[in-house]
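# Breakdown of the fold
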Amino acid sequence: MQYDKEIRNTSNQPRTNLTRLLLLLTGILLVFQVVASNRLATVGMSIAQAELDINELTQENNDLRQEIASASALLTIREKAKAFGFTKTTQPVYYHKDLPVALEF
Amino acid sequence: MIRNKITLGFILLAFLAIILRLFYWQIIKGSSLAEAASDQYFFRLTLPPNRGEIRTSDGSPLVTNKTAYLVYAEPKNIEDKKYFSERVSEILQLDKELVNERISVENLLWSPLKHKVDEEIKLSLENLGIKGIGFEREGKRFYPEGSMAAHLAGFIGNDQNGVDTGYFGLEGFYERALKGKSGSLIQEKDARGLPIILGVSKRIPAEDGQILELYVDRTIQFIVEEKLKEGITKYGAKSGLVAIMDPKSGGILASASYPNYDPNNYASYEKELYTNPLISTTYEPGSTFKTLVMSAALNEKVIEPKTIFNEEGPIKIGEYFIRTWNNKYNGELTMTQVLEKSSNPGMVFVGNKLGKERFYKYIEKFGFGNKTGIDLEGEEEAPLREISQWYEIDLATASFGQGIAVTPIQMLSAVSALANEGALMEPKMVKKMIDPMGKVLEQKPKKQTQVISPSTAKVITEMMISAVDSGDAKWAKPKGYRIAGKTGTAQIPVEGHYDATKTIASFIGFAPADNPKFVMLVLLREPTTSPWGSETSAPLFFNITKELFSYYGISPKG
């Protein structure tokens, strides 16, 4: 009788270990699920922030391009040149020189 | 027993009612409720495209975009509505009552006040420090060179739906290419409005408009604008126009008209100024037309440069007399001298040699009577009268450029054919189109027809050089250069007759004559210092030509 009882107890042990293992795995996966979901939520925030940053930088670039366009307008350049004391060339001077024989063709 | 059955009946009825109600909400109203719900958990945004830039040949922006703002009011947050209306309407230059009306509507959360407000004005509003005002970024068209090339660029206005639309010039002609296509973004969001990474997400990016790169040379355009303004003041003209074309490609290098307007503030100018005189007005070309008639007669071999005409007096056509411009007669003239002296009787002789049919055929071949096809909005056709309606006097007057109406672009293109070995090119503004991906689409020069032979073109060029060197404008010509050209002084028709005091003074020419870099038309309307082209348009032409020679590094010979 005692022998039978021992045999019965021994035959249940592998099933108990498997159950415990499955429970442990489930617990670990649940923890991972919670952590992953939490990270997804914060990544959403990062994406929103990154998009805001991109938009801001794009706008800044556009603003700078507009400033460059205004600053390099010919009327602006002429006024600035006048302010620096530059004057218009009235008459270009052309120098003519005979070409060396080797270049005459 | 009966009570049990009645109770069961009521329970069944209740279930039926619930099922019917569920059917109503889930099936009949299901789609509208799902749509309403999706507004709560989906974030929808239209992604506006950037309108394409328009650049000159050196890549500088002639037309670009800048940041502007929509100013809106949040009536529920406004503390003092009276102060708000006063200060905001003053800064935005709006009617105070209008602002007051917009912020006084009950239960209104948001009310737009003004679109396309500049950064400086936005800062002024922010500095007020008042609550209930907000700003939303939007794009605005910007013309950094101001009124320079205004007629070529056109401007952006609102159509009847309030949508930004291009009008006139390049903005109008290339509206579809420039405006681009809006994109969209649909993103599933959480309770805080943040995007859910694994949620539903659909993004269609906006397609920006194409960039247009022009033939227009920014420096030449600047020179032309300055010189034209000076010329109009100096010669007391009512208005004026200068246009320059590359004869080999048909590319427009510069075009200025005065008076003009600033596309940044187009609404402050009269609507009549929006049309580009280069393509939308007609005029009688006068003696500049003689070069074309002469080239046609040479091409048909009915005359040669040395053919003699005896200019002994006015020519009688029906009841009319065709006289010289100064009523002086020079005796025997070669065809070259007919151009040098700008002899009207001489040109009547040439026209008669050509004959009505061939004359008409050539003016059609030169492109008159039809649109040139230039890529600018608003081109007029200037149709020719049917040949069956031409009488002897019409042939005579058309021979020296009166009694025929042309647009400046038609005249410029036609003379460009003389400078381009007789080949008529389609005039073009845009050299290249660049799509948002950077792919370049070149617009190849288009030859329309061979009007005269290359040998005839050479002959007429020499005759035009002679007309410049020996004609009335020779005093203004820069020394050491071969310039082909012709003056023109046309009387203005007023109510069926010509006004003796008012003229359109013009000069058309190309240089350097042996390998032309440019063809230029100068037109002054009603100059008051002198009515003659030789004393107004011609010196202005040569003045600009000197600058162009310097710019291109073309030195004089000898």
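I will try to describe carefully the structure that is included in this document. (Residues numbered from 1 in each chain as written. Chains lettered and ligands numbered in written order. Predicted model: local features only at pLDDT ≥ 70, side-chain atom pairs only at ≥ 80, totals over all residues. Heavy atoms only, no water.)

### Re the nonpolar core
All names here are of chain B. Core analysis: the largest hydrophobic core is formed by 92 residues, its most contacted members being Met-294, Phe-368 and Met-429. It is helix α16 (residues 408–419) that provides the largest number of residues to this core, a total of 8 residues. Leave out the neighbours within four places in its chain, and Met-294 touches Ile-303, Met-335, Val-338, Leu-339, Met-347, Val-350, Ile-460 and Met-463. Core analysis: the next-biggest nonpolar cluster, separate from the first, contains 30 residues, Leu-228, Val-242, Val-522 and Leu-548 among them. (Core = buried A, V, L, I, M, F, W, Y, C linked by side-chain atoms within 4.5 Å. Buried < 20%, exposed > 50% of the residue type's maximum accessible area, 1.4 Å probe, protein only. Helix = DSSP H or I, 4+ residues; strand = E, 2+ residues; numbered from the N terminus. Contact = heavy atoms within 4.5 Å.)

### A look at the pairing of strand β7 (residues 164–167) of chain B
Residues and elements named next belong to chain B. Two elements, strand β6 (residues 155–158) and β7, share 4 bridges in a ladder whose sense is antiparallel. Within the sheet, the bridge partner assigned to Phe-155 lies in β7 and is Tyr-167. The antiparallel hairpin formed by β6 and β7 contains 5 residues in its connecting segment, where Gly-162 sits at a positive phi of about 80°. (Pairing = 2+ DSSP bridges.)

### As for the sheet that holds strand β23 (residues 518–525) of chain B
Residues and elements named next belong to chain B. Pairing within the open sheet is antiparallel, and its 5 strands lie in the order β12-β11-β23-β22-β21. Unpaired on one side and paired on the other, β12 (252–258) and β21 (484–494) mark the two borders of the sheet. Taking each pair of neighbouring strands and ignoring which way they run, the sheet shows an average axis angle of 10°. Pairing between strand β11 (residues 239–245) and β12: 6 bridges, direction antiparallel. Across the sheet, the residue bridging to Val-242 is Ala-256, located in β12. Contacting β11, β12 and β23, helix α9 (residues 218–235) runs over the sheet at an angle of about 30° to β12. (Axes fitted to C-alpha atoms, helices over the stretch in contact; angles between N-to-C directions.)

### Remarks on the interface of chain B and chain A
Listed by partner, the interface residues are 29 residues for chain B and 22 residues for chain A. Summed over both partners, the interface of chain B with chain A buries about 2,200 Å², with 57% contributed by carbon and sulfur atoms. Applying the counting rule to chain B against chain A returns 4 salt bridges. Here A:Arg65 and B:Glu53 are joined by a salt bridge, their closest N and O atoms 2.6 Å apart. Counting the contacts that link chain B with chain A gives 7 residue pairs in polar contact (both at pLDDT 80 or more). Those elements that provide at least two residues to the side of chain B that touches chain A are β3 (61–73), β5 (133–142), α9 and α18 (537–552) of chain B. A total of 5 residues in the side of chain B that touches chain A trace back to one element, the largest contributor, which is β3(B). Residues of the side of chain B that touches chain A, tallied by class, amount to 13 nonpolar, 6 polar and 10 charged. (Buried area = accessible area lost by both parts, 1.4 Å probe. Salt bridge = Lys/Arg side-chain N within 4 Å of Asp/Glu carboxyl O. Polar contact = N/O pair within 3.5 Å; in protein donor to acceptor, adjacent residues only side chain to side chain. Nonpolar A, V, L, I, M, F, W, Y, C, P; charged D, E, K, R; others polar.)

### What about the packing of helix α11 (residues 290–299) of chain B against α16(B)?
All names here are of chain B. Between α11 and α16, the shortest axis-to-axis distance is 10 Å and the interhelical angle comes to 40°. Viewed along their axes, α11 and α16 adopt a mutual orientation that is oblique. Helix-helix and strand crossings are classified by hand; for α11 and α16 the assignment is left-handed. Counting all contacts with α11, which are made through Thr-291, Leu-292 and Ser-295, the residues of α16 involved are Met-411, Ala-414, Val-415 and Leu-418. Of the residues contributing to the contact of α11 with α16, the split by class is 5 nonpolar, 2 polar and no charged. (Parallel < 35°, antiparallel > 145°, perpendicular 65-115°, else oblique. Left-handed = near helix turned anticlockwise from the far one by under 90°.)

### Comments concerning the packing of aromatic side chains
Residues and elements named next belong to chain B. Taken as a whole and judged by the stated rule, the model has 24 aromatic pairs over all chains. Both rings, one in Phe-155 and one in Tyr-167, keep their centres 6.1 Å apart while their planes meet at 35°; by these two values the pair is tilted. Placement of the pair is Phe-155 in strand β6 and Tyr-167 in strand β7, with a sequence separation of 12 residues. Of the residues examined, Tyr-167 reaches a relative accessible area of 27% and is grouped as partly exposed. Pairwise contacts between aromatic rings join Phe-155, Tyr-167, Phe-168, Tyr-261, Tyr-266, Tyr-269 and Tyr-274 into one cluster. Positioned above the aromatic ring of Phe-135, the side-chain terminus of Lys-122 is 5.7 Å from the ring centre. The ring of Tyr-552 is capped by Lys-517, whose NZ or CZ atom sits 4.8 Å from the centre of that ring. (Phe/Tyr/Trp six-rings, centres within 6.5 Å; stacked < 30°, edge-to-face > 60°. Lys NZ or Arg CZ within 6 Å of the ring centre and 35° of its normal.)

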